[in-house]
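Letter by letter, the chains look like this.
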Amino acid sequence: MRRGPHALAGGLLRGCLAIVSAVLLVAHLVLFVPGLGLGLVFLLPWPMAMMRRVTDAARRACGDLPRPYRDRPAPPEPEPDGRFRHDRVLYRSAFWPRQLGYLNWVLGDPATWRDVGWMLTNPVVGGVLGFGPAALVVGGLAVATGAGPWWIPVGLAMVVLGVLVAPAAVRAHDSWTRRLLGPPQPTFRSVKVWLGERFVTLAKLLALGGLTVVSVALAGISVLALALFCVGIVGALPEFATVTRQFTATRRRLAEQWSGVPIQTPYRPEPPLPQRRPDGLYEVGDQLYKSKGWTRFFQRIDWVWHDPATWRDLLWTATDPIVGGALVAASVGAVAYGLAELTVPALVRLARVEDPPRLAFLADRPVLALLAGLSMVVAGALFAPTALRLHGRWTAVLLAPTAKARLASRVEQLTVSRDDATSAQAAELRRIERDLHDGAQGRLVAVGLALGAVEALIDTDPAAARRLVADARESTARALAELRDLVRGVRPPVLAERGLVEAVRALALDSPVPVTVSTDLVGRPAEPVEAAVYFVVSEALVNTAKHAAATQVSIVFGYADGLLTTRIADDGRGGADPALGSGLRGMRHRLAAFDGTVRLVSPVGGPTTVTLEVPCALSSPRTSTSSGKGSSSC
Amino acid sequence: MRVVLAEDLYLLREGLKQLLTAHGFEIVAAVDNGPDLLRALLAERPDVAVVDVRLPPTQTDEGLQAALAARRAVPGLPVLVLSQHVERLYARELLADGTGGVGYLLKDRVFNADQFVDAVRRVAAGGTAMDPDVIAKLFARGDHNVGRLTPREREVLELMAEGRSNAAIGQRLFLSESAVGKHTANIFGKLGLTASDDDNRRVLAVLAYLDGAR
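Residues numbered from 1 in each chain as written. Chains lettered and ligands numbered in written order. Predicted model: local features only at pLDDT ≥ 70, side-chain atom pairs only at ≥ 80, totals over all residues. Heavy atoms only, no water.

Participant: Pulling in residues and values, what's your account of the UniProt feature "domain: Response regulatory" (unreviewed entry) in chain B?
Facilitator: Under the local residue numbering, the UniProt record ascribes the feature "domain: Response regulatory" (unreviewed entry) to residues 2-122 of chain B. Segment residues 2-122 of chain B splits into 45% helix and 21% strand. End C-alpha atoms: 14 Å apart. (UniProt positions renumbered as here; feature names shortened; annotations may be inferred. Helix = DSSP H or I, 4+ residues; strand = E, 2+ residues; numbered from the N terminus.)

This is the structure:
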């Protein structure tokens with residue numbers, strides 16, 4: 001019985017918290033209205049700070065709940081020029097960045113909003129649960145003493161009841177506070193997530209269903225464009241095809257994002273304007289045209305007409321409403337009809353409709369209707385993800401490129417990369433030829449001339465001959481040095497002798513920035529691949545040294561599933577723009593010849609990561625190097 | 001002094017043979033590939049080996065690998081490696097065991113017969129002969145502490161790293177030996193190395209410092 005009075009006191013304390021939260025609510029309104037309404041943003045952190053102080057007190061009072069807040073952000077650091085950055089704006093003083101960072105921190109924390117929920121509801125819930133038992137006791141005492149002798153048992157009963165319910169009220173209050181102010185409850189959340197996912201899936205399906213209406217319209221317009229084409233009005237065809245392509249592009253994107261079915265674009269690339277013939281006309285098919293505009297016009301028609309993807313698009317716009325519509329109906333329709341089944345009979349009864357709408361079959365059998373409706377909602381919701389996935393598959397059937405189109409685009413891509421490779425090779429050969437011509441060749445001519453003169457002078461003027469021999473030796477030394485540099489640029493010695501990893505280690509030794517190289521390659525890629533990757537890494541290291549202001553670079557080689565991966569990461573300032581500079585383009589071209597790719601990730605503020613991926617095979621491992629496998633710090 | 005020679009280009013091999021014979025060396029074996037070199041080194045135990053990095057059958061760093069293998073079997077076996085190019089990576093591997101008696105020179109250095117023979121003798125005596133290019137590459141990296149050296153001290157450091165004694169450095173730079181001694185003491189002080197009189201230890205310390213400190 002001692003717990004009763006104790007709990008009563010606890011209840012009073014919790015009741016006081018309810019009063020405080022009511023006061024807090026008023027203060028919030030006073031500060032929030034000008035804060036948000038008038039844009040006086042600096043007023044906003046105050047109520048937040050106040051609220052956290054109060055909720056902290058509530059947490060302590062209700063059994064020392066842990067604080068759920070995120071950590072406070074560090075104060076803004078000045079940029080090198082003394083200004084302060086927030087998002088994409090630079091400020092002269094630290095005031096605004098601090099305020100805005102504080103605001104982001106507070107408003108971005110889900111715990112803040114749970115605090116707000118507590119503040120809004122606590123004046124009532126906390127008040128009733130906190131003061132309720134105490135009010136019963138006080139009221140009972142008042143009744144027992146003031147309302148006459150007959151009321152004394154009633155008053156006493158009220159007091160006893162108040163003391164008895166006090167612990168339960170405190171427990172209820174605390175568990176409710178824990179739910180709002182403590183760390184989020186995982187079970188509760190996963191149910192929410194599950195329901196949310198179903199809801200989002202259903203909404204996506206509904207949206208796809210809505211888009212079928214657009215499909216119908218597009219199919220109609222395309223048929224119209226074809227009809228016009230048949231009667232000789234040909235200009236509309238490419239325009240409608242373009243509109244259809246935009247729509248199908250959206251659907252392809254949705255199939256990838258929503259259904260997880262990636263679909264490539266199947267269209268042939270638009271052909272470039274043909275070369276002018278000697279007589280000044282343009283040739284398209286069997287026709288000759290005089291002006292650029294008409295050439296382009298007919299070329300576009302030709303292009304659209306002869307692309308099978310155009311006809312597959314048309315077929316898809318006509319059939320999507322049927323197949324896609326069926327999938328949507330099977331899931332969203334089931335849920336909607338189930339909901340109707342659940343609610344309509346009840347509404348019919350409530351509204352006393354004489355002739356129930358035929359929408360609800362079981363209007364006169366409420367229990368059966370309830371069960372049928374519920375099972376339809378559940379079945380529809382369960383089927384929704386499958387329906388979404390099937391929808392993506394169905395989209396791929398007609399909107400993905402055919403095997404032939406894929407081959408055609410592959411041929412196109414190979415042609416481009418072969419052109420790149422051959423022109424790069426030609427440029428390289430030109431450079432080597434020029435270097436040899438200007439350097440070593442010239443020096444050897446000089447040596448020959450000097451030796452000729454020596455032959456003539458050796459008897460008459462031995463001193464001059466000796467001087468010339470010294471000159472000739474000097475020339476050969478220089479020629480050798482130039483040839484050495486040339487060889488290094490063509491096929492670096494360590495690359496030739498030890499392969500990619502050791503060559504990159506040698507490169508790392510010469511880098512002004514400390515570089516660590518690690519690898520789990522067993523075996524070596526083909527020599528051309530090694531050379532391409534080596535030169536790209538070399539270029540990346542040069543860029544890092546020049547622009548990144550990095551203190552540490554790491555290069556990691558890996559190989560998995562037929563893909564050689566090289567990751568070059570630095571801790572520099574980032575912000576490398578792939579659009580700027582020809583360096584990255586050069587890297588891409590070098591690797592494109594091997595179907596390799598270059599990926600650059602460089603957010604402002606760093607770090608920068610360049611990832612090279614080249615599909616290739618590895619030869620069996622060689623055991624010639626002394627440093628071998630593993631990582632070494634240079 | 002007994003020499004094993006490994007060089008796959010016939011003309012250069014014969015040229016080196018003549019040059020070394022003319023300077024009083026005895027060529028005990030002249031080979032043109034890696035496996036033969038390793039066999040000759042282990043069988044003959046020469047006073048010094050002159051080895052080309054790139055040798056048949058693989059035309060990769062066969063010569064260097066054979067030299068390193070021989071030095072693992074016979075610690076301190078003096079080896080002078082010749083190459084068309086110098087790589088710090090290889091220099092580091094040669095110096096790694098810290099026993100000295102190693103050299104690493106560009107083939108061009110053969111042009112100057114006296115200096116080349118001097119380098120061979122230094123290596124044979126357990127000293128070090130590093131190509132100026134290796135040293136230049138080490139300096140090119142722009143180390144913080146090296147930047148604090150005076151130009152004269154840098155010159156002394158370069159020659160020291162090539163493996164030269166104080167007397168030889170003094171001769172080169174037209175300084176007295178005691179002046180060079182003073183410079184080397186300053187250099188060791190600025191780089192935070194322990195001073196030493198042993199030529200080989202001195203070179204290894206300098207190279208280790210330049211290679212390791214960043």
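Participant: Could you give an account of the packing of aromatic side chains, naming the residues involved and the relevant values?
Facilitator: For any pair of aromatic rings, geometry is given as the distance between the ring centres together with the angle between the planes. Residues and elements named next belong to chain A. Taken as a whole and assessed by the stated rule, the structure comprises 9 aromatic pairs over all chains. Their ring planes at 5° and their centres at 4.8 Å tell us that Tyr289 and Phe298 sit as a pair that is stacked. What links up through ring pairs into an aromatic cluster is the set Tyr289, Trp294, Phe297 and Phe298. It is Arg52 that lies over the ring of Tyr69; its NZ or CZ is 3.8 Å from the centre. (Phe/Tyr/Trp six-rings, centres within 6.5 Å; stacked < 30°, edge-to-face > 60°. Lys NZ or Arg CZ within 6 Å of the ring centre and 35° of its normal.)

Participant: So what about the pattern of salt bridges? Which residues, and what values?
Facilitator: Residue and element names in this part refer to chain A. Per the counting criterion, the structure on display carries 39 salt bridges over all chains. Salt-bridge contacts for Glu283 lead to Arg277; the nearest nitrogen and oxygen are separated by 3.3 Å. A salt bridge links Arg599 to Glu613, with the shortest nitrogen-to-oxygen separation between them at 3.8 Å. Of this pair, Arg599 sits in strand β8 (residues 597-601) while Glu613 sits in strand β9 (residues 608-615), and the two are 14 residues apart along the sequence. Look at Arg599 and you get partly exposed, because its relative accessible area is 44%. You can call Glu613 partly exposed: its relative accessible area is 22%. (Salt bridge = Lys/Arg side-chain N within 4 Å of Asp/Glu carboxyl O. Buried < 20%, exposed > 50% of the residue type's maximum accessible area, 1.4 Å probe, protein only.)

Participant: Give a description of the sheet that holds strand β4 (residues 79-83) of chain B that names residues and reports values.
Facilitator: Residues and elements named next belong to chain B. Here 6 strands make up an open sheet; going across it, the order is β2-β1-β3-β4-β5-β6 and the pairing parallel. The sheet terminates laterally at β2 (26-31) and β6 (128-130), the two strands that pair on one side only. Strand-to-strand twist in this sheet, taken as the mean axis angle between neighbours without regard to direction, amounts to 20°. With 5 bridges connecting them, strand β1 (residues 2-6) and β2 associate as parallel partners. The residue of β2 that forms the bridge with Ala6 is Val31. (Pairing = 2+ DSSP bridges. Axes fitted to C-alpha atoms, helices over the stretch in contact; angles between N-to-C directions.)

Participant: Describe the interface of chain A and chain B, and please don't skip the residues or the numbers.
Facilitator: Between chain A and chain B, the contact holds 27 residues from the first and 21 residues from the second. Taking both partners together, chain A and chain B bury about 2200 Å²; carbon and sulfur atoms supply 46% of that area. Summed over the shared surface of chain A and chain B, the result is 6 salt bridges. The partner of B:Asp61 in a salt bridge is A:Arg498, and the shortest N-O contact between them spans 2.4 Å. On the surface where chain A and chain B come into contact, there are 10 residue pairs in polar contact (both at pLDDT 80 or more). Of all the secondary structure elements, the ones that give two or more residues to the side of chain A that touches chain B are α12 (462-490), α13 (493-498) and α14 (500-510) of chain A. The class makeup of the residues in the side of chain A that touches chain B is 12 nonpolar, 6 polar and 9 charged. (Contact = heavy atoms within 4.5 Å. Buried area = accessible area lost by both parts, 1.4 Å probe. Polar contact = N/O pair within 3.5 Å; in protein donor to acceptor, adjacent residues only side chain to side chain. Nonpolar A, V, L, I, M, F, W, Y, C, P; charged D, E, K, R; others polar.)

Participant: Hey, could you go over the packing of helix α2 (residues 45-61) of chain A against helix α4 (residues 110-146) of chain A for me, with residue numbers and the actual values?
Facilitator: Residue and element names in this part refer to chain A. For the pair α2 and α4, interaxial distance at closest approach is 11 Å and the crossing angle is 75°. Comparing the axis directions of α2 and α4 gives the class roughly perpendicular. In this structure, α2 contributes Met48, Met51, Arg52, Val54, Thr55, Ala58 and Arg59 to the contact, and α4 contributes Thr112, Asp115, Val116, Trp118 and Met119. Residues that form the contact of α2 with α4 fall into these classes: 7 nonpolar, 2 polar and 3 charged. (Parallel < 35°, antiparallel > 145°, perpendicular 65-115°, else oblique.)

Participant: Quick one: what's the story with the UniProt feature "modified residue: 4-aspartylphosphate" (unreviewed entry) in chain B, residue by residue and with numbers?
Facilitator: Residue and element names in this part refer to chain B. Mapped onto the present numbering, the UniProt feature "modified residue: 4-aspartylphosphate" (unreviewed entry) falls on Asp52. Tracing the backbone shows Asp52 in strand β3 (residues 48-52). We classify Asp52 as buried; its relative accessible area is 3%. With sequence-adjacent residues up to four places away left out, Asp52 is seen in contact with Ala6, Glu7, Asp8, Gly63, Leu64, Leu82, Ser83 and Lys107.

Participant: Quick rundown of the environment of A:His391? Include the residues and the values.
Facilitator: Residue and element names in this part refer to chain A. Tracing the chain through its elements places His391 in helix α10 (residues 366-399). For His391, a relative accessible area of 2% translates into the label buried. Each C-alpha atom, one on His391 and one on Ala255, is 7.7 Å from the other, the two residues being 136 residues apart in sequence. For His391, the contacting residues outside a window of four places in its chain are Leu208, Arg251, Asp320, Gly324 and Leu327.

Participant: Can you break down the nonpolar core residue by residue, with the values?
Facilitator: Core analysis: the biggest nonpolar cluster contains 89 residues, and A:Val533, A:Val537, A:Ile555, A:Phe557, A:Leu612, B:Leu37 and B:Tyr104 have the highest contact counts within it. The element that contributes the greatest number of residues to this core is helix α15 (residues 527-548) of chain A, accounting for 10 residues. With 18 residues, the next largest nonpolar core counts B:Leu19, B:Leu20, B:Val120 and B:Ala129 among its residues. (Core = buried A, V, L, I, M, F, W, Y, C linked by side-chain atoms within 4.5 Å.)

Participant: Before we move on, could you go through the UniProt feature "transmembrane region" (unreviewed entry) in chain A and cite the residues and values that matter?
Facilitator: Residues annotated in UniProt with the feature "transmembrane region" (unreviewed entry) correspond here to residues 12-44, 124-144, 150-170, 199-218, 224-243 and 367-388 of chain A. Within the segment residues 367-388 of chain A, helix and strand shares are 100% and 0% respectively, and the terminal C-alpha atoms sit 32 Å apart.

Participant: So, a nonpolar patch on the surface: which residues are in play, and what are the values?
Facilitator: Residues and elements named next belong to chain A. Nonpolar side chains collect at one region of the surface, where Val191, Trp194, Leu195, Val378 and Leu382 lie side by side and expose about 470 Å² of accessible area between them. Of all the secondary structure elements, the ones that give two or more residues to the nonpolar patch are α6 (186-230) and α10. It is α6 that contributes the most residues to the nonpolar patch, 3 residues altogether. Take Val378: it is sitting in helix α10. A relative accessible area of 47% means that Val378 is categorised as partly exposed. (Patch = residues over 30% accessible without salt bridge, like charges linked within 9 Å, V, L, I, M, F, W, Y side chains within 5 Å. Areas by Shrake-Rupley, 256 points an atom, 1.4 Å probe, with all protein chains shown as cover.)

Participant: Account for the side chain of A:Thr566, naming residues and giving values.
Facilitator: All names here are of chain A. Structurally, Thr566 can be placed in strand β7 (residues 563-570). Residue class for Thr566 comes out buried when judged on its relative accessible area of 0%. Leave out the neighbours within four places in its chain, and Thr566 touches Val533, Val537, Ile555, Val556, Phe557, Val610, Thr611 and Leu612.

Participant: Let's hear about unusual backbone geometry: which residues, and what values?
Facilitator: The linkage connecting B:Pro56 with the following residue, B:Pro57, adopts the cis geometry, with an omega of 5°. With respect to the secondary-structure elements, B:Pro57 resides in the loop between β3 and α3 (62-73). Positive phi, close to 65°, is recorded for A:Asp595, a residue that is not glycine. Position of A:Asp595 relative to the elements: it lies in the loop between α16 (583-592) and β8. Its relative accessible area of 32% is what places A:Asp595 among the partly exposed residues. With a phi close to 45°, B:Arg45 is a non-glycine residue in the positive phi region. Within the fold, B:Arg45 resides in the loop between α2 (34-44) and β3. Looking at B:Arg45, the relative accessible area reads 48%, which means it is partly exposed.

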